[in-house]
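# Architecture at a glance
Here is how the chains run, residue by residue.
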Amino acid sequence: MNLDVLRHSCSHVMAEAVKELWPQTKLAIGPAIEDGFYYDFDKQAPFTDADLLAIEKIMQKIIARDDPFLREELDKIKAIGLFKKLNEDYKVQLIEALPNQAISIYKTGKVFLDLCRGPHIKSTGQIKAFKLLSVAGAYWHGIETNPMLQRIYGTCFETQKELDEYLKNLEEVKLRDHRKLGPALEFFDIYHEEAGAGLVFYHPKGALLRTIIEDYEKKEHLKRGYDMVITPHIMDVGLWKTSGHYDYYRENMYFLNIGDDKPAKNIGGPAQNRGGEFVLRPMNCPGHILIYKSKTRSYKDLPIRLFELGTVYRREKAGVLHGLLRVRGFTQDDAHIFCLPEQLSQEIKAIIDFVFDTMKVFGFDTVGIELSTRPEKSIGSDEDWQRATEALEAALKEKGLKYDVNVGDGAFYGPKIDIKLKDALKRTWQCATIQCDFALPKRFNLAYIDDAGKERQPIMLHRVLLGSLERFIGALIEHYKGELPLWLSPTQVLLIPIKETVLVYAQGVKTKLESHNIRVDMDLRNETLDKKIRNAEINKIPYCLILGDREVKQQQVSVRKKGSGDQGAVVLEEFIGNLINQIQEHK
RNA sequence: GCUGGAGUAGCUCAGUUGGCAGAGCACGUCCUUGGUAAGGACGGGGUCACGAGUUCAAUUCUCGUCUCCAGCUCCA
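Residues numbered from 1 in each chain as written. Chains lettered and ligands numbered in written order. Predicted model: local features only at pLDDT ≥ 70, side-chain atom pairs only at ≥ 80, totals over all residues. Heavy atoms only, no water.

For the rest of this paragraph, the subject is the domain arrangement of chain A. Domain assignment breaks chain A into domain 1 (3-165), domain 2 (201-233 + 281-480) and domain 3 (493-584). Summarising the inter-unit geometry, the C-alpha centres of domain 1 and domain 2 are found 42 Å apart. (Domains from an automatic or database assignment.)

Quick look at the environment of Ala102 now. Relative to the assigned elements, Ala102 resides in the loop between helix H4 (89-96) and strand E5 (103-108). The exposure class assigned to Ala102 is partly exposed, which follows from its relative accessible area of 44%. When the C-alpha atoms of Ala102 and Ala79 are compared, they prove to be 8.9 Å apart, with 23 residues separating the residues in sequence. Here Ala102 is in contact with Glu73 and Leu74, once residues within four sequence places are set aside. (Helix = DSSP H or I, 4+ residues; strand = E, 2+ residues; numbered from the N terminus. Buried < 20%, exposed > 50% of the residue type's maximum accessible area, 1.4 Å probe, protein only. Contact = heavy atoms within 4.5 Å.)

Before going further, it helps to examine helix H1 (residues 3-21). Given a rise of 1.5 Å per residue, 19 residues ought to cover 27 Å, and the 27 Å separating the end C-alpha atoms of H1 matches this to within 8%. Among the 19 residues that make up H1, 15 are buried, leaving the element largely enclosed by the rest of the structure. Among the residues of H1, the N-terminal cap falls to Asn2, whose side-chain oxygen and the backbone nitrogen of Asp4 are separated by 2.7 Å. (Expected span 1.5 Å × (residues − 1). Polar contact = N/O pair within 3.5 Å; in protein donor to acceptor, adjacent residues only side chain to side chain.)

A few words now on the pattern of salt bridges. Across all of its chains, the model carries 41 salt bridges by this definition. Residues Arg65 and Glu16 are paired through a salt bridge, measuring 3.4 Å at the closest nitrogen-oxygen approach. You can see Arg65 sitting in helix H2 (residues 49-65) and its partner Glu16 sitting in helix H1, a full 49 residues away along the chain. Glu172 serves as the salt-bridge partner of Lys481, at 3.4 Å between the closest nitrogen and oxygen. Of the two residues, Lys481 sits in the loop between helix H14 (469-480) and strand E24 (493-497) while Glu172 sits in helix H5 (residues 160-176), which places them 309 residues apart along the sequence. (Salt bridge = Lys/Arg side-chain N within 4 Å of Asp/Glu carboxyl O.)

In structure tokens:
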């Protein structure tokens with residue numbers, strides 16, 4: 001049986017139940033979605049949890065009746081008349097938007113009918129396992145200015161067992177929630193009320209994790225021919241007028257009304273682009289562009305790859321903020337590559353490789369590549385957009401990668417490739433993006449001198465690998481359920497001395513581990529061994545070393561591995577050797 | 001920004017039909033010196049999100065604000 005058909009049919013049954021309980025309710029649409037189905041209703045009073053239970057009960061009744069799904073076809077005029085009579089305004093709108101041809105409707109039971117393309121299951125009795133999950137607001141047709149409807153989400157499976165597994169998986173998702181795990185593991189917190197929503201505070205362990213990630217990235221970028229730069233967090237508004245952000249991104253920018261008396265020097269763009277006011281940067285590009293422009297560049301210098309762990313601030317709408325995934329201040333692993341046209345394809349392919357390699361090191365599979373094209377609100381000529389889009393597409397094709405095209409979803413200055421990663425629960429996360437840009441080089445009058453001594457315009461690539469470190473750390477926490485691999489764990493080894501008499505020995509072990517750059521903590525509290533072990537497990541520390549009289553006497557350490565318990569005693573050097581191997585292999 | 005739900009100790013949550021605010025964990029002190037997931041006793045900790053209003057009295061009722069949660073819209 002086709003699961004989408006089953007779910008779609010289930011949404012019809014739900015709509016029938018809602019109409020039975022509240023006959024005045026108007027129906028909008030009710031499709032199957034990835035994990036279930038929904039139906040949008042126009043009803044005055046909000047649906048409550050109790051209402052959902054009542055609806056489920058009626059649905060059970062309809063399913064027990066085993067009503068057949070019957071298809072009928074009408075011409076458009078008749079269909080409009082029928083749904084007008086039923087007072088189903090939204091259905092009338094839907095039919096009016098359809099081409100002038102036969103309109104199909106489906107009937108179930110004696111009274112319920114719905115505009116529907118189909119197909120459906122034979123009869124309601126084929127629904128074996130379903131559950132209504134939640135209710136939420138949703139705009140009619142998804143357009144903000146339209147009336148808001150009430151959407152009931154539900155899911156449906158062929159068997160109860162599959163439904164139970166799905167519900168169990170939902171619980172699993174909750175357990176992995178980085179918004180709970182992150183503060184619990186003392187990685188980060190957000191002081192919504194005191195400091196502001198969407199602003200992240202890294203506590204010592206989280207800051208250490210981030211430093212480990214940053215160090216890895218710096219090393220890897222230097223290895224791959226990037227230069228590191230550091231640019232200011234506030235810059236004159238004139239720069240943002242020239243870049244186009246002032247016109248195309250203003251509602252997301254923070255302005256600092258106190259500026260300098262003297263307007264900034266105008267670079268590129270019209271003369272009115274003089275500032276005197278400052279902007280907290282929402283992006284890093286203008287800073288990198290200034291560095292590119294700082295001297296005359298030869299074609300022999302290109303490509304120039306400027307990398308910065310750049311913190312940016314964006315004024316996101318309050319309702320979209322979500323843990324570390326959507327914040328107002330975040331740090332991108334951002335680079336801008338200035339290159340010759342003939343270098344473009346090679347650079348894009350190198351970035352794609354870089355993304356794949358990086359994801360693998362952090363333990364993710366990459367999936368889902370999307371190519372996004374020119375949006376309505378954008379700068380640059382059609383010709384440039386076409387060249388940029390073709391360049392990205394060609395690179396994907398040359399690498400033999402599958403991708404979807406997302407029409408109109410590009411940045412305002414250029415088309416982009418998004419690479420999504422897949423976590424342990426098979427959820428996807430938007431992290432890496434590669435954007436091809438002919439527009440900003442033009443606006444800022446970027447140039448290089450070609451082999452004939454003529455001034456030419458370089459092409460600019462914007463790209464991030466992990467995207468925002470905040471979002472990526474959120475993904476890491478959920479992917480690993482907080483149990484980070486050894487090489488990323490803020491505390492790699494916890495020393496547990498059993499009693500005070502072994503403290504001298506324990507201190508010696510600690511010093512030795514630290515001399516190998518192993519991150520080690522010692523639990524000196526006056527607690528039982530059991531308690532300290534429990535604590536280490538809860539804090540998801542990869543290794544514990546238990547140190548008592550026995551270990552001192554034999555000059556060994558007793559190893560306990562998270563999740564697999566007592567590993568027995570070994571000499572310290574053996575343990576260290578083993579650990580270093582694992583760390584080097586990014587395990 | 002929109003629709004709905006919510007905000008009580010650091011955390012997880014009780015509770016008050018309007019009348020002195022509660023537990024477990026965590027934290028502190030003391031006892032206990034232990035062998036692989038919670039040893040014991042005692043103790044500190046709260047403008048019940050914030051601001052108005054109603055009332056003899058508001059954590060509780062009303063209104064507003066902020067924030068969170070589930071979505072919509074938007075996005076790294």
